[in-house]
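# Analysis of the macromolecular model
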Amino acid sequence: MSTKPLRVVILICSTRPGALGPAIGQWLTDTITPRADELGAELLPVSLADLALPFLDEEDEPASGHYRHQHTQRWSATVEAADGFIAVTPEYNYGMPAAFKNALDYLGREWAWKPMGFVSYGNTSAGTRSVQHAKQVVTTLRLVPLGATLALRIADTITDGRLRPDPGREQVAIGVLDELVRLAHALRPMRERSHPASRTTPLPGTYTRALTPDDAAEVLVLQRCCWVEEALANDTLAIPALQESLQQVRAWLTTWQATGLWRDGRLLGMVRTRRIDDDWHVGRLAVVPDLRGQGVGRRLLHEAEAARDAGCRRIVLSTGARSLRNISLYHSQGYRTESSDGATATLVKPVLADGAAGVRAQAQSHVQADVQG
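Residues numbered from 1 in each chain as written. Predicted model: local features only at pLDDT ≥ 70, side-chain atom pairs only at ≥ 80, totals over all residues. Heavy atoms only, no water.

## Topic: the sheet that holds strand 14 (residues 336–340)
One open sheet accounts for eight strands, arranged 8-9-10-11-12-13-15-14; its pairing is mixed. Pairing within the sheet leaves two strands with one partner each, and these edge strands are strand 8 (199–200) and strand 14. The sheet strands contacting helix 11 (residues 296–306) are strand 8, strand 9 (207–210), strand 10 (257–263), strand 11 (266–276), strand 12 (279–287), strand 13 (314–320) and strand 15 (344–350), and the helix crosses strand 12 at an angle near 155°. (Pairing = 2+ DSSP bridges. Helix = DSSP H or I, 4+ residues; strand = E, 2+ residues; numbered from the N terminus. Contact = heavy atoms within 4.5 Å. Axes fitted to C-alpha atoms, helices over the stretch in contact; angles between N-to-C directions.)

Structure representation (structure tokens):
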């Protein structure tokens, strides 16, 4: 599970002057904030009245992701950054407010694979028919509605525009947040896999994306899983990947360009790169043991090579001097051993004048090993 905090937007859906929505939204925020802090969730109240979206005025369809107007771009950025939503909505004539429907219709991909909970309010039905109406729309956008809801009957809960104290109601609100956070964590792999910055791979169900400091916990686990074999081969535990703390991993994730291979929220492999002078340095190439021998390591290595900066004359990597399996693979991919101090072997691969790295024929090798370098 990523250590990145979840962002939950509390969406106040009524735009009518004097509406109860802002007061209910404030009560909800105050009530669930302590629990949100415990769960590592950030609450962001957003009022559609303040957002002031006109009725849909984009020329292109929302599915295109092409937005001409600044109000759409701001709304897109808000929804894109969110991991889940709690809609505070009244019921108007057996349905949800037009402003709520309009806000949903503005966007497409930004909503996908995020949970949405509901706090409704109204008279006879306590706003439940508004929620029924909204669920038909949100599921079409691939939002995932919660089972837990909170329905407020105005006559029973509100006096002079304020909610009367009710511990039972507060527990229901906290239950909505709890379910939303659990579902948001479970859906995170779906959100990441469908994000434009993620790339699918030939390995079924997997995708790659850039690693960030928020991924430090997963990286730490992968390192300790993968470098035990290196420690045994070289008869030493003095290997940085086995010694680093969570804070140290988080620190190098800010200075290296790192790519991770993921499936269903599990980090399966990684590699990191950066430029030092005229050399392109590749390191921390790792693949989980159960995927060894499927060419995953080679594909990550090739991605790292292809990402090199223009002007780099060599690609440089290192591994344990006695990690013969690693060294054999690197040699097959066009690297040569430049030096070895008995503990660490440094290997280099020249970049040809036309920008190709190493010998292309060697890059097509059918070696079946994967490595941790």
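## Brief notes about the layout of surface pockets
Where empty space is left can be seen by rolling a probe of water-molecule size over the atoms. Its volume calculated, the largest pocket comes out at about 700 Å³. Along its surface, the largest pocket is lined by 32 residues, and Lys 4, Glu 192, His 195, Ser 198 and Arg 209 are the ones closest to its centre. At the level of secondary structure, the elements contributing two or more residues to the lining of the largest pocket comprise helix 3 (70–81), helix 7 (167–193), strand 9, strand 10, strand 11 and helix 11. Counted by class, the lining of the largest pocket contains nine nonpolar, eight polar and 15 charged residues. (1 Å grid on protein atoms, 1.4 Å probe; cavity = no way out; pocket = protein on both sides within 12 Å on 5 of 7 lines; lining within 4 Å. Points joined across faces, edges and corners; volume = space filled by probe spheres on them. Nonpolar A, V, L, I, M, F, W, Y, C, P; charged D, E, K, R; others polar.)

## A word on the sheet that holds strand 4 (residues 115–122)
Here five strands make up an open sheet; going across it, the order is 2-1-3-4-5 and the pairing parallel. With one partner strand each, in any of the chains shown, strand 2 (41–47) and strand 5 (144–153) form the two edges of the open sheet. Going across the sheet, the axis of each strand differs from the next one's by a mean of 20°, ignoring polarity.

## A closer look at the pairing of strand 15
For strand 13 and strand 15, the ladder comprises seven bridges, and the chain directions are antiparallel. From the neighbouring strand, Ile 315 faces strand 15, where its bridge partner is Lys 349. In the sheet, strand 14 pairs with strand 15 via four bridges, with the strands oriented antiparallel. By the bridge assignment for strand 15, Ser 339 is matched with Thr 346. The antiparallel pairing of strand 14 with strand 15 creates a hairpin that spans three residues between the two strands, and Gly 342 there sits at a positive phi of about 95°.

## Description of the packing of helix 1 (residues 21–39) against helix 7
Pairs of packed helices are described in terms of their axes, by the angle between the two and the distance that separates them. Where helix 1 meets helix 7, the axes come as close as 9 Å, and the angle between the chain directions of the two elements is 50°. If you check the angle between helix 1 and helix 7, you find them oblique. For the element pair helix 1 and helix 7, the recorded crossing hand is right-handed. Each of Trp 27, Leu 28, Thr 31, Ile 32, Arg 35, Ala 36 and Leu 39 in helix 1 lies in contact with helix 7, whose residues at this interface are Arg 169, Glu 170, Ala 173, Ile 174, Leu 177, Asp 178 and Val 181. Residues that form the contact of helix 1 with helix 7 fall into these classes: nine nonpolar, one polar and four charged. (Parallel < 35°, antiparallel > 145°, perpendicular 65-115°, else oblique. Left-handed = near helix turned anticlockwise from the far one by under 90°.)

## Some details on unusual backbone geometry
Not every positive phi belongs to a glycine, and Asn 93 is a case in point at roughly 50°. Of note, the phi angle at Asp 264 is positive, near 50°, even though the residue is not glycine. With respect to the helices, strands and loops of the structure, Asp 264 is situated in the loop between strand 10 and strand 11.

## Concerning the side chain of Glu 110
Along the chain, Glu 110 turns up in the loop between helix 4 (98–105) and strand 4. Despite being buried, Glu 110 has no salt bridge partner; Arg 109 is the closest side chain of opposite charge, sitting 4.6 Å away. Separated by 2.8 Å, the side chains of Glu 110 and Tyr 67 make a polar contact. Not counting the four nearest positions on each side in its chain, Glu 110 is found in contact with Tyr 67, Ser 76, Val 79 and Glu 80. (Buried < 20%, exposed > 50% of the residue type's maximum accessible area, 1.4 Å probe, protein only. Lys, Arg positive; Asp, Glu negative; His and termini not counted. Salt bridge = Lys/Arg side-chain N within 4 Å of Asp/Glu carboxyl O. Polar contact = N/O pair within 3.5 Å; in protein donor to acceptor, adjacent residues only side chain to side chain.)

## Some words on the packing of aromatic side chains
Counting across every chain of the model gives three aromatic pairs. Plain terms: the ring middles of Trp 75 and Trp 111 are 5.9 Å apart, the flat faces sit at 70° to each other, and that makes the pair edge-to-face. With Trp 75 in helix 3 and Trp 111 in the loop between helix 4 and strand 4, this residue pair connects regions lying 36 residues apart in the sequence. Taking relative accessible area as the criterion, Trp 75 reaches 1% and is therefore assigned buried. Positioned over the ring face of Tyr 94 is Arg 129, at 3.6 Å from the centre of the ring. (Phe/Tyr/Trp six-rings, centres within 6.5 Å; stacked < 30°, edge-to-face > 60°. Lys NZ or Arg CZ within 6 Å of the ring centre and 35° of its normal.)

## A few points about the environment of Val 249
Following the sequence through the fold, Val 249 ends up in helix 10 (residues 246–252). Along the backbone, Val 249 and Leu 220 are 29 residues apart, and their C-alpha atoms lie at a distance of 6.7 Å.

## What about the state of the cysteines?
Considering all chains together, one arrives at zero disulfides under this definition. Of all cysteine sulfurs in the structure, the one in Cys 225 sits closest to Cys 226, which takes part in no disulfide; the separation is 4.4 Å. Owing to a relative accessible area of 0%, Cys 226 belongs among the buried residues under this scheme. (Disulfide = S-S within 2.5 Å.)

## Section: the pattern of salt bridges
For the structure on display, the rule yields 22 salt bridges. Of the charged contacts, one joins Glu 80 and Arg 109 as a salt bridge, the two residues approaching to 2.8 Å between their closest N and O atoms. One end of the pair, Glu 80, is in helix 3; the other, Arg 109, is in the loop between helix 4 and strand 4, and 29 residues separate them in sequence. Overall, the relative accessible area of 33% leaves Arg 109 in the partly exposed class. Between Asp 279 and Arg 314 there is a salt bridge, with its nearest N and O atoms 2.9 Å apart. Taken together, the positions of Asp 279 in strand 12 and Arg 314 in strand 13 put the pair 35 residues apart, joining distant regions of the chain. Residue class for Asp 279 comes out buried when judged on its relative accessible area of 15%.

That's the geometry; what it means functionally is another story.
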